[in-house]
Each structure stands twice: as structure tokens, then as C-alpha cells.
Amino acid sequence: MSDFADKARAATAAMRELFPPTPLLRNAFLSDRYGADIWLKREDLSPVRSYKIRGAFNAMTKRLAEDPERRLFVCASAGNHAQGVAFVCRHFGVRGEIFMPVTTPRQKIDKTRAFGGDAVEIKLVGDYFDETLAAAQTFCAETGAAFLSPFDDPDVMEGQASVAVELLEQLGAAPDRLILPVGGGGLSSGVLSYLKSVRAGTRVKLVEPQGGASLAAALKAGEPVTLPQVNTFVDGAAVARIGEAPFEVLCSTDPGDVLAAPENRICVTISEMLNVEGIVLEPAGALAIDALKDLGAALRGQTVVCVTSGGNFDFERLPEVKERAMRFRGVKKYFILRMPQRPGALKDFLGLLGPGDDIARFEYLKKSARNFGSVLIGIETRDAADFDGLFARMEDRGFAYRDITEDEVLSEFLI
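No experiment lies behind these values; they were computed from the predicted model shown.

Asker: Is there a simple way to explain the overall build of the protein in this structure?
Answerer: Looking only at helices and strands, one finds 18 helices and 14 strands in the protein. Taking 22 Å as the expected radius of gyration for a compact globule of 415 residues, we find that the protein reaches 24 Å, a close match to that expectation. With the principal axes as the frame, the protein shows a C-alpha extent of 80 × 55 × 40 Å. Approximately 18400 Å² of the protein is accessible, and the part contributed by carbon and sulfur atoms is 50%. Of the charged side chains in the protein, 49 are positive and 57 negative, and the gap between their average positions amounts to 4 Å.

The following block contains the structure:
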């Protein structure tokens, strides 16, 4: 067994003073759907509802071993890493300075404070994470505090490898496939390093959000690159640049083993797991399960483990998740309708709706100097195919329209 495997096992054993192994649970719903033996490694059931506590614990343990008198630790995070660091600071009885963007939702700030208690102080700095990170690093330079990276640190990667240590022990054998989410790369690089060191023989698929595919970009360029734009919906994994240390491990990954999950499809997965299984997952936590849809029949007859990396879901986001899921399934559309400004025009249009069509949004302002007015309209239906009939009837009656459902600019501005 390699040195890395020994260290990962030692880190795992040390974590038992903090929390028991997270459950590895067979999921009958997913197993039946894909004709496979599908298990979920429930990192959403850790004390801070994500795996981030593992890397924070191991990195802090190493820093304290080097300098037992160290009493100040710093991190920059808007979510799970902040909560993990806060929990571990309280455990070790050290101080933590948690830098978070000013735009961080109150729910995440309150949870971080609850986990850390009197051991942490939260500093809200900057509208964007880059500003927050710069402030945290400046503070470290001025005070000599230890900075705890969320992923770009070998000690963090070693701590995250404990996920693999546990699941192999719990399953009793190496699974045929393992599906891991990728953000900055700390979890995936740590787990892959451990599997390689113990020669597990498991085929690994990595999945990142489509709007934050930093690993795929790095593999294409041969080195970490900064994405010019990131969709932050999957906030736990939408990272503009893969970590340097993780990429040293991930650079040999076959690009075909890196999947990109569409943000709206992830919302379908979140809704399914909540409504069918009663499992609450944040968008990043649903990535591995969502990737099953890309693999489909290739999973049949195999033992598959999906790592559900986090469950810190703010239920104020539920309406957005439902909206995105419906749009992905094609049962909700938005369009701009050119409405004749004459009596009875609206009645004529309503007569075109089918029995399963429902108007979810309607905005219209009559303009007296024009023959036509524009209507922003949103329609929900039972079956996506119903829209074909509706649009055919609209065209037949001369109603001009423009479907803006997939127009990101107009949708963001108008919807």
C-alpha cells in the first residue's frame, strides 16, 4: 500500500473523534430505473451536510501538528467549506476568521455561525468571491494566520480521500463504477489517488456543471485555465479554475470520463430525489446522480456508487428549481406574442389553448397608437408534445410569436 493510502487511512481513523462514517445506502428507486445496483455515499448526512468537513479537519490537524501553539485559521468561502472550517475550529478550540462575500445568503451565514459558535468571526467582504479571497489572503499575510484552502491543498485532498476509504470498507469490495462531482478538484483528486494506490480497479466518471466545466477546459489546454464566465447556479461546484494541486492528479484523466451536467437537468434530479426519495440535495450534491442519465444502459448489471456531496439546500430556491426543471422537461415555455389590439383578440387566443394548457404568466400593456401589442406569456402543460399543437393552432390563426425559453439574455431580463 502506498504512502498516500496510509495517510488517507490515518486521516479517516482520526475523523472518528469528530463524526462516524457517512452512510453508504443502496437506492432501490435508481437501481430499478437503470437495472443496476446503485449505492449513494451520503455526504449530505455529515455533521455539516457536506464532505468539506473532511478536508478542513485533516488540514487543520496537520497545521496543529506542525505548530501546536497556532490559534488562528482563515478561510474564504460562501458555503460548505466555511461551515466545515467553522465546525472544526470549534472542535479544536481555535479561532477562525471566515471571509464570505457580502452577497452570501443569510441562511449560509447563520449556519456557519451556528457551527462555529464563539470560535469564529465572520467577515463579509466584497461582492464577488475573488474580492473575498484577496481580503482573506491579505489578512493572513498581516497576521500570520494559517489559510485553509477549500481544495488546492494536498492535506485537504488527503482528507477528502477518506470518502473512498469508507465506501470501500462499507461495500466490502470495489464497485464497478464510481461517479464523483468535480468543483475545484479536492474530492475527485483525493479519491482517485486512493483508488489508484489500493488498485481498486473501479472505473470512475467525473461530472461537473455545464456552466462551470473547469476540469474539461484544463484537460483540453493541458493545464489549469480560468473560465471567462461561470454559471453559478451549482454554487458548490461552479469553479472558474481547477486547483493546481488537484490537477496534478487529474491531468491523466481521459476527457471522455468527464461529463457535463446541464443546470436545468440537475433541477429535475433534485426534484425527483426530494419528491420520490425524500432526499434533500443541493445542486452540487445532485451532480453524481444526474450523471446516471448520461450513462444509461452502460450501467446495467453493474455495482455503482454515486457520491452525494452536499445537502445544504436553501428552500427559498425551490421555486427556481421547479421552474428550471419544468423548462428542461419541456412542459413550460415562455414566448412573446404579437397580439392584435382589437376587442376579442385575447378571447380568440385563449380559445386556442388545449385542455392541459395553463397560463402561468401574462403581461400586456395596451398601447393606443399601435395596431399590435406585445405580450409576455408563460404556459405550462402536462406533456411537452402539447406545445406542437398549440403553436400550430397559433400559426394557423395568424398569431405571431417568439419562443424565448432558451434565450438566456431575454429570459434572465424578463423572467
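Asker: What am I meant to see in the packing of helix α4 (residues 80-92) against helix α5 (residues 106-116) here?
Answerer: α5 packs onto α4 with a crossing angle of 20° between their chain directions and a minimal axis gap of 7 Å. Between α4 and α5, the interaxial angle falls into the category roughly parallel. Read as a crossing pair, α4 and α5 show a hand that is right-handed. For the pair α4 and α5, the contacting residues are Ala 82, Gln 83, Ala 86, Phe 87 and Arg 90 in the first and Lys 108, Lys 111, Thr 112, Ala 114, Phe 115 and Gly 116 in the second. Looking at the contact of α4 with α5 residue by residue, the classes come out as 5 nonpolar, 3 polar and 3 charged.

Asker: Would you mind going over helix α12 (residues 263-277) with me for this structure?
Answerer: Think of an α-helix as turning once every 3.6 residues; residues three or four places apart then point the same way. Spanning 15 residues, α12 covers 21 Å between terminal C-alpha atoms, matching the ideal 21 Å at 1.5 Å per step. Inspection of α12 places Glu 263, Asn 264, Arg 265, Ile 266, Cys 267, Val 268, Thr 269, Ile 270, Ser 271 and Met 273 among the buried residues, and these make up the whole buried set. Just past α12, the residue Gly 278 takes up positive phi, approximately 70°.

Asker: Any chance you could explain the state of the cysteines here in plain terms?
Answerer: Evaluated as defined, the whole model comprises 0 disulfides. The thiol of Cys 306 is not disulfide-bonded; the next cysteine sulfur, from Cys 267, is found 18 Å away.

Asker: Sorry if this is basic, but what is going on with the sheet that holds strand β11 (residues 332-340) here?
Answerer: The pairing of strands in a sheet comes from backbone hydrogen bonds and takes either a parallel or an antiparallel form. The strand order β12-β13-β11-β14 describes an open sheet built from 4 strands, whose pairing is antiparallel. Looking along the sheet, the strands with just one partner apiece sit at the ends: β12 (358-364) and β14 (400-403). Strand after strand, the sheet turns through a mean of 25° between neighbouring axes, direction not considered. Where β11 and strand β13 (residues 372-380) come together, 9 bridges link them in antiparallel fashion. Residue pairing in the sheet places Phe 335 in a bridge with Ile 377 of β13. Where helix α15 (residues 318-329) meets the sheet, its contacts fall on β11 and β13, and the angle it forms with β11 comes to roughly 80°.

Asker: Is there a simple way to explain the pairing of strand β10 (residues 303-308) in this structure?
Answerer: Consecutive side chains along a regular strand alternate between the two faces of the sheet. Counted residue by residue, β10 has 5 buried out of 6 residues, so it is predominantly covered. Across 6 bridges, the pairing between strand β2 (residues 37-42) and β10 is parallel. Bridge pairing in β10 places Lys 41 opposite Val 307. Summarising the sheet, strand β7 (residues 177-181) and β10 pair through 3 bridges and their orientation is parallel.

Asker: I'm lost on the packing of aromatic side chains in this one. Help?
Answerer: To describe a pair of aromatic rings, one takes the distance between the centres and the angle between the planes. In total, this model carries 9 aromatic pairs according to the counting rule given. Here the aromatic rings of Phe 335 and Phe 391 are separated by 5.7 Å at their centres, their planes lie at 85°, and the arrangement is edge-to-face. Here Phe 335 is found in strand β11, whereas its partner Phe 391 is found in helix α17 (residues 386-396), with 56 residues between them in sequence. Aromatic ring contacts, followed pair by pair, group Phe 335, Phe 387, Phe 391 and Tyr 401 into a single cluster. The residue whose ring lies beneath Arg 16 is Phe 19, and the NZ or CZ to ring-centre distance is 5.5 Å.

Asker: What is the right way to read unusual backbone geometry from this model?
Answerer: Negative phi values dominate among residues other than glycine, just as trans dominates among peptide bonds. Despite not being glycine, Arg 49 has its phi angle at roughly 60°, a positive value. Its place among the elements puts Arg 49 in the loop between β2 and α3 (52-66). Exposure remark for Arg 49: the relative accessible area of 26% places this residue in the partly exposed category. Although it is not a glycine, Arg 199 adopts a positive phi angle of roughly 55°.

About the cut-offs
Residues numbered from 1 in each chain as written. Predicted model: local features only at pLDDT ≥ 70, side-chain atom pairs only at ≥ 80, totals over all residues. Heavy atoms only, no water. Helix = DSSP H or I, 4+ residues; strand = E, 2+ residues; numbered from the N terminus. Rg over C-alpha atoms; globule rule 2.2 N^0.38 Å. Areas by Shrake-Rupley, 256 points an atom, 1.4 Å probe, with all protein chains shown as cover. Lys, Arg positive; Asp, Glu negative; His and termini not counted. Charge placed at Lys NZ, Arg CZ, Asp CG, Glu CD. Axes fitted to C-alpha atoms, helices over the stretch in contact; angles between N-to-C directions. Parallel < 35°, antiparallel > 145°, perpendicular 65-115°, else oblique. Left-handed = near helix turned anticlockwise from the far one by under 90°. Contact = heavy atoms within 4.5 Å. Nonpolar A, V, L, I, M, F, W, Y, C, P; charged D, E, K, R; others polar. Expected span 1.5 Å × (residues − 1). Buried < 20%, exposed > 50% of the residue type's maximum accessible area, 1.4 Å probe, protein only. Disulfide = S-S within 2.5 Å. Pairing = 2+ DSSP bridges. Phe/Tyr/Trp six-rings, centres within 6.5 Å; stacked < 30°, edge-to-face > 60°. Lys NZ or Arg CZ within 6 Å of the ring centre and 35° of its normal.

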